[in-house]
Amino acid sequence: MLDQLRHIVTEVGTSPDLKRALDVIVRRVRDSLAVDVCSVYLVARDSGGEALDCLALQATEGLHASGVGHVSLGYDEGLVGLVATRAEPINLQDAPSHPRYKFIRDIGEEPYYAFLGVPIVQRGDMLGVLVVQSRENRRFSDEQESFLVTLAAQLAGAIRQAEASGEVFRLRGNAELTPASFQTLGLPGSPGVVFGSALVVYDAASLEAVPDREVEDAETEVAALRQAVEAVKLEFRQLKADLSRLLPGEEQALFDAFVMMLSGDSLMDGVIQRIRAGSWAPAALRDTIREHAAVFEGMQDDYLRERAEDVRDLGARILSKLQSATPIERRFAERIILVGRELSASHLAEVPTDRLVGIVSTRGSGSSHLAILARALGIPAVMGATELPVGQVDDQEIALDGYRGAVFVRPTGALREELLRLAREEAQLSQDLKGLRDLPAQTPDGVRVSMLVNIGLLADMAPSRNVGAEGIGLYRTEIPFQIRHQFPGEEDQRRIYREALDAFAPYPVILRTLDVGGDKPLSYFPIEEDNPFLGWRGIRLVLDHPEIFLTQLRAMLKANIGLGNLSILLPMISGVTELDLALTYVHQALTELAEEGWAVARPPVGVMIEVPSAVYQIDAIARRVDFLSVGTNDLTQYLLAVDRNNERVASLYDALHPAVLSAIRAIAEGGARQGKPVSVCGELAGDPMGALLLLGMGIHSLSMSAGSLPRIKWVIRSVPHARARRLLDQALSCEEPLEVRALIFDALESFGLGGLVRAGR
Ligand code: PEP
Ligand code: MG
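Described in the following lines is the structure provided in the data block. (Residues numbered from 1 in each chain as written. Chains lettered and ligands numbered in written order. Predicted model: local features only at pLDDT ≥ 70, side-chain atom pairs only at ≥ 80, totals over all residues. Heavy atoms only, no water.)

A look at unusual backbone geometry
The peptide bond linking A505 to P506 adopts the cis configuration, its omega dihedral lying at 5°. Mapping P506 onto the fold places it in the loop between helix 14 (490-504) and strand 17 (509-512). A positive phi angle, near 70°, is found at D395, a position not held by glycine. Among the structural elements, D395 can be located in the loop between strand 12 (381-383) and strand 13 (397-401). If you check the backbone angles, A641 has positive phi at about 55° while not being a glycine. Its location among the elements puts A641 in the loop between helix 20 (632-640) and helix 21 (658-673). Look at A641 and you get exposed, because its relative accessible area is 71%. (Helix = DSSP H or I, 4+ residues; strand = E, 2+ residues; numbered from the N terminus. Buried < 20%, exposed > 50% of the residue type's maximum accessible area, 1.4 Å probe, protein only.)

So, the site of ligand 1
The full set close to ligand 1 counts 16 residues, and R476, R512, G631, N633 and R644 are the nearest of them. In this structure, an oxygen atom belonging to ligand 1 sits 2.8 Å away from a side-chain N or O atom of R476. One of the backbone nitrogen or oxygen atoms of T632 is found 3.1 Å away from an oxygen atom of ligand 1. Calculation on ligand 1 without its partners gives an accessible area of 290 Å², and the protein chains cover 100% of this total. Counting residues per element, the shell around ligand 1 draws most heavily on helix 20, at three residues. Here the residues of the shell around ligand 1 sort into three nonpolar, five polar and eight charged. (Near = heavy atom within 4 Å. Polar contact = N/O pair within 3.5 Å; in protein donor to acceptor, adjacent residues only side chain to side chain. Areas by Shrake-Rupley, 256 points an atom, 1.4 Å probe, with all protein chains shown as cover. Nonpolar A, V, L, I, M, F, W, Y, C, P; charged D, E, K, R; others polar.)

Some remarks on the coordination of the magnesium ion (ligand 2)
Four donors placed tetrahedrally around a metal ideally meet at 109.5 degrees, and six donors placed octahedrally ideally meet at 90 or 180 degrees. Looking at the magnesium ion (ligand 2), the protein donor atoms are E610 (OE) and D634 (OD), and they sit 2.0 to 2.1 Å from it. On the criterion of sequence distance, the pair formed by E610 in the loop between strand 19 (605-609) and helix 18 (612-616) and D634 in helix 20 is long-range, its members being 24 residues apart. Judged by relative accessible area, which is 2%, E610 ranks as buried. (Donors = N, O, S within 2.8 Å, 3.2 Å for Na, K, Ca; no water.)

Quick word on the pairing of strand 14 (residues 406-409)
Neither face of strand 14 is left uncovered, since the one carrying A406 and F408 and the one carrying V407 and V409 both have all their residues buried. As paired elements, strand 7 (residues 182-185) and strand 14 share four bridges and run antiparallel to each other. Along strand 14, the bridge assignment pairs L185 with A406. By the bridge criterion, four bridges tie strand 13 to strand 14 in an arrangement that is antiparallel. Following the sheet pairing, L400 is matched in strand 14 by V407. Following strand 13, the chain reverses through four residues before pairing antiparallel with strand 14; G405 in that reversal takes a positive phi of roughly 80°. (Pairing = 2+ DSSP bridges.)

Some thoughts on the sheet that holds strand 13
Strand order across the open sheet formed by eight strands is 7-14-13-9-10-11-12-8, with mixed pairing between neighbours. Of all strands in the sheet, those with a lone pairing partner are strand 7 and strand 8 (187-190), marking the two edges. Here the average twist between neighbouring strands, direction ignored, is 30°. Across the sheet, helix 11 (residues 413-434) lies against strand 7, strand 9 (193-200), strand 13 and strand 14, angled at about 110° from strand 9, the strand it touches most. (Axes fitted to C-alpha atoms, helices over the stretch in contact; angles between N-to-C directions. Contact = heavy atoms within 4.5 Å.)

With respect to the side chain of D394
Along the chain, D394 falls in the loop between strand 12 and strand 13. Residue class for D394 comes out buried when judged on its relative accessible area of 1%. There is a polar contact of 2.5 Å between the side chain of D394 and the side chain of R213.

Some remarks on the packing of helix 22 (residues 688-696) against helix 24 (residues 721-732)
Taken N-terminus to C-terminus, the directions of helix 22 and helix 24 make an angle of 100°; their axes are 7 Å apart at the nearest point. The angle between helix 22 and helix 24 places the two elements in the roughly perpendicular class. Counting all contacts with helix 22, which are made through L692, L693, L695 and G696, the residues of helix 24 involved are H721, A724, R725, L727, L728 and A731. Of the residues belonging to the contact of helix 22 with helix 24, the class tally is seven nonpolar, two polar and one charged. (Parallel < 35°, antiparallel > 145°, perpendicular 65-115°, else oblique.)

Written out as structure tokens, the structure reads:
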């Protein structure tokens, strides 16, 4: 059963469009469960993708095919409607005798008694109902019911994806057929509304990630393909020769089989035909490999079925050769929106940054580092757009609403007009905000707030200066580590830090010590863990590797010579034992450098409060250091037990949760008791609603992405401190994040600042 389930899911996942995906489902389920009928009803949608209150028969094996596309049932009609309303399986021995049974003429339902319907639900969204029926007058077994429930749960994502690709596919093939645009909702990554041309980046070795693209010169690509295939053949021959003494003859024959497959006509001809029909070589290869793999997958024999994996492996090898043989020259559009399945900071290097206007990633959330970078660059971004059919949007016009996390592919008509209007308004807002650059961040009742920026790349420095930052509140030193191929040495690091200290002197620059692990990997120092966020990250890692920590501390201290604007910040401190040890290393680095004759001075040392245990030891921690900085990104993640990068639980991740707000207030009070300044460097500081509440807590130093700074300055200059304090009291008496949001939204609106969070609601 498990095997059958897996195969159905794989086949559906690789179907080119929704219709074929559904046909696979009904055919395979009917065979696997040995029933008479299997049908799929999907929730009907309007042209904008909004769900309507009815279910349409989309595929059937057993009923009359003529019903497909014609039969539809309201939620209040028939057993299918009942399954959708109740959102649970209904298993009946004698369906026609059920009061909700509805007879539908002319689809051939007469002879069937047994009925089992299960809902297809994805992340709380009803997508449709999967039904099996049988002539016999008996209940379906528990095993059959479990099979169908498990299958429906696994198919939901694939159906949604196929549904989405189907829509875009039609758009491309014949724009008149579906004049409405395709849109999908992900998560807000970085605010702003923009238009641009999608540029899909994908993993080199992953065939499934290859996007559709038109071929530019078919014969050149055919030649490149032949070359790639020859190179793979050679590799196999070589491999066979190398392993000849180690492998039994039977296994060696496998390599011959591969070479034969590559020499025969069917595989190569398929790819060449597709290239000549207009597809670029990687997508032609992807589709041909998919087709061949599906043939093996459909076989009954276990051994032959396993060969599908070999075919895919073969495809990946050819792809990687193809890519190294023909570096594809891309002509860049004027306004690029970078799109990818799992984008990271390094992908930004693939496009000219002066043309980059937006980012869409199918993974991640607003607190992922890519989103943080986008905000630093002031570029709108949408994260977690899981349902975007990435492979089919390359070169398409895309509009992004980074406030709501919405992506629109080829928007048309009134929707396009509205988006264009928003984009123009946005551009105007940015222009207006520029006027605040040289004005102080001071509330109307005279409270001065220090506006700092978070940066990680030297390239962020220019925008930070342009927005009028008064220093760096958080320099994420792991980013220069991430873009190198090995640990940077002391001198290399000194130079990087010096540049930042120099650029902002005499303003303060807070350098955070290495915070890798969790979602910040180093390619040259791989860490495999089941729970990376609870694992070896931040201070834990460097305390276990004093050589890395001391090198970094020495580089920071040396960079500060003659400038004196350095502060050092320690991440992920969970208790005083770690803190005391880290402080010992700071002392050691200072002593060593002084002994070596360097004129180093002890800089202020602070701790990031981002682990809940540190909140409860705030006095003990504050006593030991010079300042505290609240990392609301991790603090929220750990307090609410919600992975900050997991789009499935992103709706639960909310730094405006009353529990998070009370924790931050406890930190602010602890710092005040010990006479140590408290600042906030998590993303909450750059959120207009968050900044207002932090102001109310008496936190007068905020560090954020450069892109957020002008908006926050506007908030501070508009709302009196006394009002912020009253709002904080009200917010702390709320029991739910939504109540807090509604409260602060109304307050912002009353000050004419609603536009800053407009679409975010
Ligand atoms: C935080 O956790 O709030 C923070 C600022 O650090 P990072 O986002 O780099 O983990
Ligand atoms: Mg953190």
